[in-house]
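The residues making up each chain are set out below.
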Amino acid sequence: MAAAQMVRGVPLSTLCPKFLHTNSTSHTWPFSAIAELIDNAYDPDVNAKQIWIDKTQIKDLECLTFMDNGNGLSSDMMHMMLSFGYSDKKAVNGKHPIGMYGNGFKSGSMRLGQDAIVLSKSKNDLCVGMLSQTYLKKIGAKQITVPIISIKKPEAKQFSVMEEHLASLRDILDHSPFNTEEELLTELRAIESSCSSTGTRIIIWNLRRTSAGKMEFDFTTDRYDICIPSDVLKSTTEPNQRQGRQEYSVPESEYSLRAYCSVLYMKPRMQINIQGQKVRTQLITKSLAHIAREIYKPSFVKQKIPITFGYNTKSKDHYGLMMYHKNRLIKAYHRVGCQLNASNKQGIEVIGVIECNFLEPTHNKQDFDNTDKYRNTIRNVATKLEEYCKEIRFKRKNSNRSNNVPIEEEEKCPDQNWAQCDKCLKWRRMPDGINNDKLPEEWFCYMNPDPQFRRCETMEEPEDSDSEQPANPKTYKIQEKEEKKKQEEMKEFKKFQEEKRQRELLFKANALKRLKEERTWRKMTSTPNTPKTPGKCASASGLSTSSSQPVITDVFSLSKTPSRMKRLQPTTPQNESKRQKLDGLKRKLVTDMSLSSSTTPPTPVPCKDLNIDDNLLEGSSTPAPMEPTLHPVGVRTESDPKVPFYGMAFSHAALEARSTGNYATEEMRDKSTQMQGPRVKDEEEMNSSTAANDGAKVMEEGMISIIQAQKEQDQLMELLQSVFNERDSFKESVKELHAQLELEKQCADCQTAREKAEKLSREKEALLETHSRHNQEHAKHFEDLTCRLEKSSNEIEKLLLKVKQLEEEKATISAECEMNKSSLTELKNKMADLLN
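Participant: Mind showing me how you'd approach the overall build of the chain here?
Facilitator: From N to C terminus, the chain includes 17 helices and 17 strands. Burial analysis of the chain (836 residues in total) assigns 34% to the buried set. Pairs at least 24 apart in sequence give 64% of the contacts found in the chain among residues at least 6 apart. Per element, the accessible surface of the chain, about 54900 Å² overall, is 55% carbon and sulfur.

Participant: Would you mind showing me how to read the pairing of strand β11 (residues 288-296) here?
Facilitator: Side-chain positions along a regular strand alternate between the two faces of the sheet. For β11, the tally of buried residues reaches seven of nine residues, placing the bulk of the element in the interior. Inspection of the sheet shows β11 paired to strand β12 (residues 305-312) by seven bridges, in the antiparallel sense. Each bridged residue has a counterpart across the sheet, and for Y296 the counterpart in β12 is I305.

Participant: What's the story with a nonpolar patch on the surface in this structure? I'm lost.
Facilitator: Together, M717, L720, V723 and F724 give the surface a local cluster of nonpolar side chains, amounting to about 360 Å² of exposed area. On the secondary structure map, L720 appears in helix α17 (residues 677-835). The class of L720 is partly exposed, set by a relative accessible area of 40%.

Participant: Mind showing me how you'd approach helix α6 (residues 166-175) here?
Facilitator: Along an α-helix, residues three or four apart share an orientation, since each turn contains 3.6 residues. Burial in α6 covers these residues: S168, L169, I172 and L173. Buried residues of α6, seen end-on, are gathered within an arc of 130° and therefore sit on one face of the element. Taken together, the buried residues of α6 touch β5 (113-121), β6 (126-132), β7 (148-151) and α7 (181-192).

Participant: What am I meant to see in the packing of aromatic side chains here?
Facilitator: Working definition: an aromatic ring pair is given by the centre-to-centre distance plus the angle between the planes. Using the criterion set out here, one finds 12 aromatic pairs in the structure. Over the ring of F219 we find K55, and its NZ or CZ is 5.7 Å from the ring centre. Of note, R335 hangs over the ring of Y319, and the distance from its end group to the ring centre comes to 3.9 Å.

Participant: Please explain unusual backbone geometry as it appears in this structure.
Facilitator: Located in the positive-phi region is N47, a residue other than glycine, with phi close to 55°. In this structure, N47 sits in the loop between α2 (30-42) and β3 (50-58). A relative accessible area of 31% means that N47 is categorised as partly exposed.

Participant: Looking at this structure, I do not really get helix α3 (residues 75-82). What am I missing?
Facilitator: Among the residues of α3, M78, M81 and L82 are the ones counted as buried. On an axial view of α3, the arc spanned by its buried residues comes to 90°, and they lie on one face. Elements that come into contact with the buried residues of α3 comprise α4 (104-112), β5, β6 and β7.

Participant: Looking at this structure, how should I read the nonpolar core?
Facilitator: Across soluble globular proteins, nonpolar side chains have a tendency to be buried as a group. Core analysis: the biggest nonpolar cluster contains 86 residues, and I38, L184, I272 and M322 have the highest contact counts within it. If you tally residues by element for this core, the top one is α2, at eight residues. L184 has contacts with I117, L119, V128, I149, F159, L169, I172, L173 and F178, leaving out every residue within four places of it along the chain.

Participant: Even after reading the chapter, I still don't get the sheet that holds β5, so can you show me in this structure?
Facilitator: The pairing of strands in a sheet comes from backbone hydrogen bonds and takes either a parallel or an antiparallel form. The mixed open sheet is built from eight strands, whose spatial order is β7-β6-β5-β8-β4-β3-β9-β10. Each end of this open sheet is capped by a strand with a single partner; those strands are β7 and β10 (277-278). Two strands pair when backbone bridges link them, and β6 and β7 are joined in this way by four bridges, in the antiparallel orientation. The partner of C127 across the bridge, within β7, is S150. Packed on one face of the sheet, α3 meets β5, β6 and β7 and runs near 15° to β6.

Participant: Can you help me understand the side chain of T281 in this one?
Facilitator: Structurally, the position occupied by T281 is in the loop between β10 and β11. Taking the relative accessible area as the measure of exposure, T281 reaches 13% and is therefore buried. A distance of 3.2 Å separates polar atoms of two side chains, one belonging to T281 and the other to Q420.

Conventions we followed
Residues numbered from 1 in each chain as written. Predicted model: local features only at pLDDT ≥ 70, side-chain atom pairs only at ≥ 80, totals over all residues. Heavy atoms only, no water. Helix = DSSP H or I, 4+ residues; strand = E, 2+ residues; numbered from the N terminus. Buried < 20%, exposed > 50% of the residue type's maximum accessible area, 1.4 Å probe, protein only. Contact = heavy atoms within 4.5 Å. Areas by Shrake-Rupley, 256 points an atom, 1.4 Å probe, with all protein chains shown as cover. Pairing = 2+ DSSP bridges. Patch = residues over 30% accessible without salt bridge, like charges linked within 9 Å, V, L, I, M, F, W, Y side chains within 5 Å. Salt bridge = Lys/Arg side-chain N within 4 Å of Asp/Glu carboxyl O. Arc of directions from axis to C-beta. Phe/Tyr/Trp six-rings, centres within 6.5 Å; stacked < 30°, edge-to-face > 60°. Lys NZ or Arg CZ within 6 Å of the ring centre and 35° of its normal. Core = buried A, V, L, I, M, F, W, Y, C linked by side-chain atoms within 4.5 Å. Axes fitted to C-alpha atoms, helices over the stretch in contact; angles between N-to-C directions. Polar contact = N/O pair within 3.5 Å; in protein donor to acceptor, adjacent residues only side chain to side chain.

Here's what the structure looks like:
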């Protein structure tokens, strides 16, 4: 390695030629490399109005060319562009530069091919520079060297360069596709073909190929586009396309350069031409349906950030955020929030457009740095997108309740149509009803139906309209608040009802408890050995030893209906006897239930569940009738297989007892049938003999009829044969007639064809005559025009000569005036001297 260059005794860092390839690997997607070169032409220091991207062939080399009509580059600017990390771009008239790292041209050009040459023409300079990996390998360079020449005065077939640039010129001619000065000059003159006196032309050769040796780009499928083949697209994926994109349909902008360039800039200010055809750029914030505008105010930025939401009118499968930085697309169709849920239809087809100048893009400008600012922005924008979807659905539901078609399934068209003038590149709003697809390929301001914006000098119409302003507060949020308020009121009402029911239940439980205590006290006071002391309860020892009468220990309910709560009355001598009867009735019921339900144990219930009216205790009413309850014993139902099932059966003895009265009549009937038996047999023999004679006669008659039928059948067969023969003869005659008809038709068709041909020939001759007549007229008109042009050119030349003569006369007169002035001043001085 050569000795390092020193500055104040400190060695300088150098760059190895291999860094050119290493640096280019930041672009895994080919279109991101092309976008870097387009950005250089778009930036305000170049300020190109048009750029042309083409594929060409130079000396059997497949080349990719980029040419713009911008301000061009001086030799110093050329050296900075071919060096690393130098960027002094500044905003001009509010237009901010996209480039910021000073690395776009190097990484982008070396990603597309191994070698690149730059030819630029500015107002005061012509310069050529080369950045070539092949050149560095051939000369065995240890550091990156970039040959640059500055041309002084180009002439017809040659030009001169400074002496210090002769070595660079020699290397360029030896290691580039242009081996002579004339060829270089021809490429420089090609810049003037862009209808501009300044511009830059970049030529890249030795284009990158795949591992199979094929070109990375497809130039043949669409002659007016540059595409990425599907197999190459799978292996070249940027981070912003990772988001489960294999499960979605691939947007056209990922494999078509024309589609990508149409949305490359949020508000396009430069015309892009690919393979000789203009790209129809989109004002993406105005190409959506159901447009609404939201405002995002992050805590780390002072100004408000506008976000535009709308439905995609071109494809239902492509939706998400379009994130721009300084008017340049960074992330396309980035799905957030509800759009990530495939089963949820909310957010489908919705596109959000936001310009994130407060975020930092990555090195290749295809993603943002994953910082807290970025994550907060994505989270807040996802929330606003979901609110937009809810608002649109709510308005649609309330505006037309009879429309049951989901908004995702209806056909949509843009809310507004905007067109860009090809001359001044200003955007003009079209009236409603005009389809942009039907506009001419080249559109200018004077074609605008609106007379207010029909001149290129007129300022652009403001984009924001009243319909796009955010609706605060959201109508669906008001509805949600009202529904939430109603739900809270309903909850409070239910809570109040529940508390009321609990209080009632507590009151009933206390009443039952008091009733039970009262009944217990009455039982204790009703025993014979216990003294009746009103207001006091008997002791437990007296209850256990003083009574031999049975006491109710538990009661079982025979009815499903609960007993009614009745007003309690104090015990009197009048109802004491009724109370004793009631206790006996309860004990009897308990005994019956225990006997009837031997298979299943009874369920104990409290005394209050008995369907016995408590008015019996009061002595003022009779007991309420109980519902009868059946307790089948020994009968099996279908749901109880353990008990045998007894179906309906009849006793034979009973049947005999019922039918004894009919036995005599049946015996008499049997005897009569036995006496009539021999008589019936004789009659049957006589009938059989007569039947045999009749059968023989019938057989003879049948044979005769069969013979006659056979004869008739033979006659019919002969007739049928003759009919068949006649049919065949008729068929042959019909075929002959058909053949004759076909011949006659063909003859008639030939005749009509001859007549048509003659008619067409006559028309052709008439057209030729008229055409020749028109040609003669046009020729005469052209001759007249040429004569007029010659006359006008002669007159112009005469006028120019006169102008020159007048200018010469003017110059002589001015010179004489100057002489006269000087002589006058001299005379004045002399007069002053004389006077003195």
